[in-house]
Amino acid sequence: MINNPITSARGMRDIFSPESNCYQELINKTQKILHQYGYQPLFLPLLEKTSLFARGVGEDTDIVGKEMYSFLDRNQESLTLRPEATAGVVRALIQNGMLQQVSRLYAFGEMFRYERPQKGRYRQFQQISVEAFGISDYFLDVELIQIAFDLFGQLNILDNVRLEINTIGLLSEREQFKKSLVNYLKKHENDLDKDSKNRLNSNPLRILDSKDEKTQQILVDAPVLVDYLSDKSIDFYQQFKKLLDLLQIKYYENHRLVRGLDYYCHSVFEWTTDQLGAQSTICAGGRYDGLVKTLGGVDTFAAGFAFGVDRIVLLAQQSLQKKQTKIMVVAGDLLSLEYLLVNLPILRKCLPDISFVLVTQIQSLKNQFKKADKAGADFVLLSGEKERNNQQFTIKNLSNGNQELFNLDQLINFLKKAGE
Ligand code: HAM
């Protein structure tokens, strides 16, 4: 009896080449930029105690309320597959006493959220989370935007993205605003969409994010958060914008941008695109000065953001596809196979950007050329008895059929030129 094959869980993907190469390339490019700005990598556990996210991200957020993969382990402790990295980064710094020692770091890898899967939205997805600590001024907030600006420039997608910014001030200022907003919205409660009605008591600020047209109409005359901010908070925001102007980074102010996680204050931002349908945010973050204290550490300034790797790969596939020369290495007999095996380490060392794929079966040449072509190879590198006896190699260009006989040095020079 044949068993039915087992498939992956919903929203969890297998990513093959060439897409997987694009992921790799994006991570490499981002890491290079982050190192230029002095950010160091931090590797974190995928599993954390559930209470970390409940306390850090917020009980009333969608992430904690509806989207976490939480379970009791064999010791009856509630653990959660991380839905985001910021809370884990802060936990790690407090636990290891590193808050005073490191100020700029990044964490990358898989995150898990139980959302409805669609293009650009998965239940397992990747983020590169960029975090900085102990810096109180808006130069940091601007630096974070500059990092994303540099990456999007390198990926040639600046024309396809839009930077939206807002300030949400301090928690105390937001509390005042929340009261006025709820007072106003209560008068229109019956006309609000279902989600917004539910949020009136749990998380009223998120109502500002509602996409429902009727709710949007109601919000036109609602109180606005800026009117509740102190001069100091407004000044922080003005200086932040001034520096963006200085750097000629174009932005749009969106007074309804509040973000879906509870830990933010002052500047928040999102990079969006209209090229990916409903999943338009490719990167988002802001300042979160209160989080370290909330999680039990000493009061520490902090700000950061996360790149949505999967979405950026979708958007920038063209720039991320790196053409790599591929050579199938083929022998006419067993001794030639050994001859090639011995020479390949030298070739790989001298030509680190070329893939050499050794074909271990001895088959007719016609067959080998056909297979190499099918495998997308650019060249076939060949040795039979004649080449082996003369310490030579035949190289055949599969795109034009040209064939040449070289010694090792000549071959290396030829391939160096071909790879340029
Ligand atoms: P977030 O807005 O929840 O922020 O996620 C950041 C980015 O991750 C989103 O803009 C999006 O590109 C990507 N993303 C989120 N959910 C999914 C999904 N289901 N499938 C694919 N991509 C997704 C945070 O997570 C904060 N920790 C960011 C931050 C870091 N703030 C300060 N430091």
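Preceding this section is the structure that the text describes.
Given the structure is predicted, the values throughout are model-derived calculations rather than measurements.

Novice: Hey, could you go over the packing of aromatic side chains for me, with residue numbers and the actual values?
Specialist: Scanning the model with the defined rule gives 17 aromatic pairs in all. Aromatic pair Phe-269 and Phe-305: ring centres 6.0 Å apart, planes at 55°, arrangement tilted. Of this pair, Phe-269 sits in strand E9 (residues 265–273) while Phe-305 sits in strand E11 (residues 302–308), and the two are 36 residues apart along the sequence. Here a set of aromatic residues connected by ring pairs shows up, and it is made of Phe-152, Phe-269, Trp-271, Phe-305 and Phe-307. Across the ring face of Tyr-122, the terminal group of Arg-13 is positioned such that the distance to the ring centre comes to 3.8 Å. Just above the ring of Tyr-114 sits the side chain of Arg-123; from NZ or CZ to the centre is 3.8 Å.

Novice: Please set out the environment of Val-226 residue by residue, giving values where relevant.
Specialist: You can see Val-226 is positioned in the loop between helix H8 (213–219) and helix H9 (231–246). Classification of Val-226 as partly exposed rests on a relative accessible area of 26%. Separated by 57 residues in the primary sequence, Val-226 and Gly-169 place their C-alpha atoms 8.0 Å from one another. The contacts of Val-226, once residues within four sequence positions are left out, are Thr-167, Ile-234 and His-255.

Novice: Run through the pairing of strand E4 (residues 78–81), naming residues and quoting values.
Specialist: Pairing of strand E2 (residues 47–49) with E4, which is carried by three bridges, proceeds in the antiparallel orientation. Its bridge partner lying in E4, Leu-47 is registered against Leu-81. Examined bridge by bridge, strand E3 (residues 69–72) and E4 share four bridges and lie antiparallel to one another. What sits directly across from Ser-70, in E4, is Thr-80.

Novice: Pulling in residues and values, what's your account of the sheet that holds strand E16 (residues 403–407)?
Specialist: The five strands are arranged E13-E12-E14-E15-E16 in an open sheet whose pairing can be described as mixed. What marks the edges here is a single partner per strand, and that holds for strand E13 (355–358) and E16. Taken pair by pair, the neighbouring strands of this sheet meet at an average axis angle of 25°, ignoring direction. The sheet contact formed by strand E14 (residues 379–383) and strand E15 (residues 392–397) spans four bridges and is antiparallel. Within E15, the position partnered with Leu-382 by the bridge is Thr-394. Strand contacts of helix H13 (residues 334–350): strand E12 (326–331), E13, E14 and E15, with the helix running at about 165° to E13, the strand carrying the most contacts.

Novice: Lay out the pairing of strand E5 (residues 104–112) with the relevant residues and their values.
Specialist: Note that strand E1 (residues 40–41) and E5 share two bridges and pair parallel. Considered in E5, the bridge of Gln-40 is made with Leu-105. Strand direction decides the pairing type here: E5 and strand E6 (residues 124–133), joined by nine bridges, are antiparallel. Opposite Glu-110, over in E6, you have Gln-126 as the bridge partner.

Novice: Let's hear about the sheet that holds E6: which residues, and what values?
Specialist: Read across the sheet, eight strands follow the order E1-E5-E6-E11-E10-E9-E7-E8 without closing on themselves; strand pairing throughout is mixed. A strand with exactly one partner marks an edge of an open sheet, and here the two such strands are E1 and strand E8 (252–253). Each of E5, E6, strand E7 (161–167), E9, strand E10 (281–287) and E11 is contacted by helix H5 (residues 138–154), which is oriented at about 20° to E11, the strand it contacts most.

Novice: Explain the site of the ligand to me, and be specific about the residues and the numbers.
Specialist: Lining the immediate surroundings of the ligand are 26 residues, of which Glu-84, Glu-115, Glu-131, Tyr-264 and Thr-281 lie closest. At 2.9 Å, a side-chain N or O of Thr-86 approaches a nitrogen atom of the ligand. Contact distances for the ligand include 2.8 Å between a nitrogen atom and a side-chain N or O atom of Glu-131. For the ligand, whose unbound accessible area comes to 660 Å², protein coverage reaches 96%. The leading source of residues in the shell around the ligand is E10, at five residues. Per-class residue counts for the shell around the ligand are eleven nonpolar, eight polar and seven charged.

Novice: Before we move on, could you go through the pattern of salt bridges and cite the residues and values that matter?
Specialist: Inspection of every chain in the model, using the stated rule, returns 19 salt bridges. Note that Lys-322 is salt-bridged to Glu-25, the shortest N-O span being 3.8 Å. Taken as a pair, Lys-322 in the loop between helix H12 (317–320) and E12 and Glu-25 in helix H1 (residues 19–36) lie far apart in primary sequence, 297 residues in all. For Glu-77, the salt bridge is made with Lys-49, and the minimal N-O distance between the two is 3.9 Å. Residue Glu-77 is located in the loop between E3 and E4, and its partner Lys-49 is located in strand E2; the two are separated by 28 residues in the primary sequence. Residue classification places Glu-77 among the partly exposed residues on the basis of a relative accessible area of 31%. Members of the salt-bridge network, linked through shared partners, are Arg-13, Glu-19 and Asp-310.

Novice: Explain helix H16 (residues 408–419) to me, using residue names and the numbers behind them.
Specialist: Relative to the 16 Å expected for twelve residues at 1.5 Å per residue, H16 spans 16 Å between its end C-alpha atoms, a close match to the ideal helical length. Those residues of H16 lying buried are Leu-408, Leu-411, Ile-412 and Leu-415. Each buried residue of H16 lies within a common arc of 100° when the element is viewed along its axis, so the set occupies one face. Facing away from the buried surface of H16 by more than 90 degrees, the exposed residues are Asp-409 and Lys-417. Buried-residue contacts for H16 involve E12, H13, E13, E14, E15 and E16. Here H16 starts with a cap whose side-chain oxygen sits 3.2 Å from the backbone nitrogen of Asp-409, and that cap is Asn-407.

Reading the values: rules and limits
- Residues numbered from 1 in each chain as written.
- Predicted model: local features only at pLDDT ≥ 70, side-chain atom pairs only at ≥ 80, totals over all residues.
- Heavy atoms only, no water.
- Phe/Tyr/Trp six-rings, centres within 6.5 Å; stacked < 30°, edge-to-face > 60°.
- Helix = DSSP H or I, 4+ residues; strand = E, 2+ residues; numbered from the N terminus.
- Lys NZ or Arg CZ within 6 Å of the ring centre and 35° of its normal.
- Buried < 20%, exposed > 50% of the residue type's maximum accessible area, 1.4 Å probe, protein only.
- Contact = heavy atoms within 4.5 Å.
- Pairing = 2+ DSSP bridges.
- Axes fitted to C-alpha atoms, helices over the stretch in contact; angles between N-to-C directions.
- Near = heavy atom within 4 Å.
- Polar contact = N/O pair within 3.5 Å; in protein donor to acceptor, adjacent residues only side chain to side chain.
- Areas by Shrake-Rupley, 256 points an atom, 1.4 Å probe, with all protein chains shown as cover.
- Nonpolar A, V, L, I, M, F, W, Y, C, P; charged D, E, K, R; others polar.
- Salt bridge = Lys/Arg side-chain N within 4 Å of Asp/Glu carboxyl O.
- Expected span 1.5 Å × (residues − 1).
- Arc of directions from axis to C-beta.

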